[in-house]
Amino acid sequence: MHINEFQTMMRQIYFHHDSKRGAKRTFLWLVEEVEELGEAIKGKDKKALENEVADALAWLASLANVVNIDLEKAAMAKYDHKCPKCKQIPCECTRSFQP
Ligand SMILES: [Zn+2]
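Residues numbered from 1 in each chain as written. Predicted model: local features only at pLDDT ≥ 70, side-chain atom pairs only at ≥ 80, totals over all residues. Heavy atoms only, no water.

Looking at the coordination of the zinc ion
Within the first shell, the zinc ion binds the protein through C83 (SG), C86 (SG), C91 (SG) and C93 (SG), at distances of 2.2 to 2.4 Å. Between the four donor atoms coordinating the zinc ion, the angles at the centre fall across 102 to 119°, so the site counts as tetrahedral. On the primary sequence, the residues serving as donors to the zinc ion are separated as C-x2-C-x4-C-x1-C. Of this pair, C83 sits in the segment after α3 (71-78) while C93 sits in the segment after α3, and the two are ten residues apart along the sequence. (Donors = N, O, S within 2.8 Å, 3.2 Å for Na, K, Ca; no water. Tetrahedral: all angles 85-135°; square planar, octahedral: opposite > 155°, others 65-115°. Helix = DSSP H or I, 4+ residues; strand = E, 2+ residues; numbered from the N terminus.)

If you want it as structure tokens, here you go:
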């Protein structure tokens, strides 16, 4: 399954809810799911972590649907098989991604 197929599936399942909720409130749901993902990272429950990764992706797809952005097209336009900053594979940036 491609990202755009997943986004289409999310649209078919949830767009009637997502479109009523709107971008700002859908974004808040995404933030909440990312926070839950952050909590799941602290634990050792792999299944819980999988669930939270899935939820974060689902809410990102919902948000993309609400704002009418093709997630796969946008991602590939920026990350077209290389780092968008240094244009290398793997990334050779020395400062941007350090903790
Ligand atoms: Zn780079």
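Now that the structure has been shown, we can carry on.
Structural notes on the packing of aromatic side chains
The full count for this structure, using the stated rule, is one aromatic pair. On the numbers, 5.1 Å between centres and 10° between planes, the contact of W29 with W59 is stacked. Of the two residues, W29 is situated in helix α1 (residues 3-42) and W59 in helix α2 (residues 46-66); the sequence distance between them amounts to 30 residues. Exposure remark for W29: the relative accessible area of 37% places this residue in the partly exposed category. The aromatic ring of F15 is capped on one face by R11, whose charged end is 4.5 Å from the ring centroid. (Phe/Tyr/Trp six-rings, centres within 6.5 Å; stacked < 30°, edge-to-face > 60°. Buried < 20%, exposed > 50% of the residue type's maximum accessible area, 1.4 Å probe, protein only. Lys NZ or Arg CZ within 6 Å of the ring centre and 35° of its normal.)

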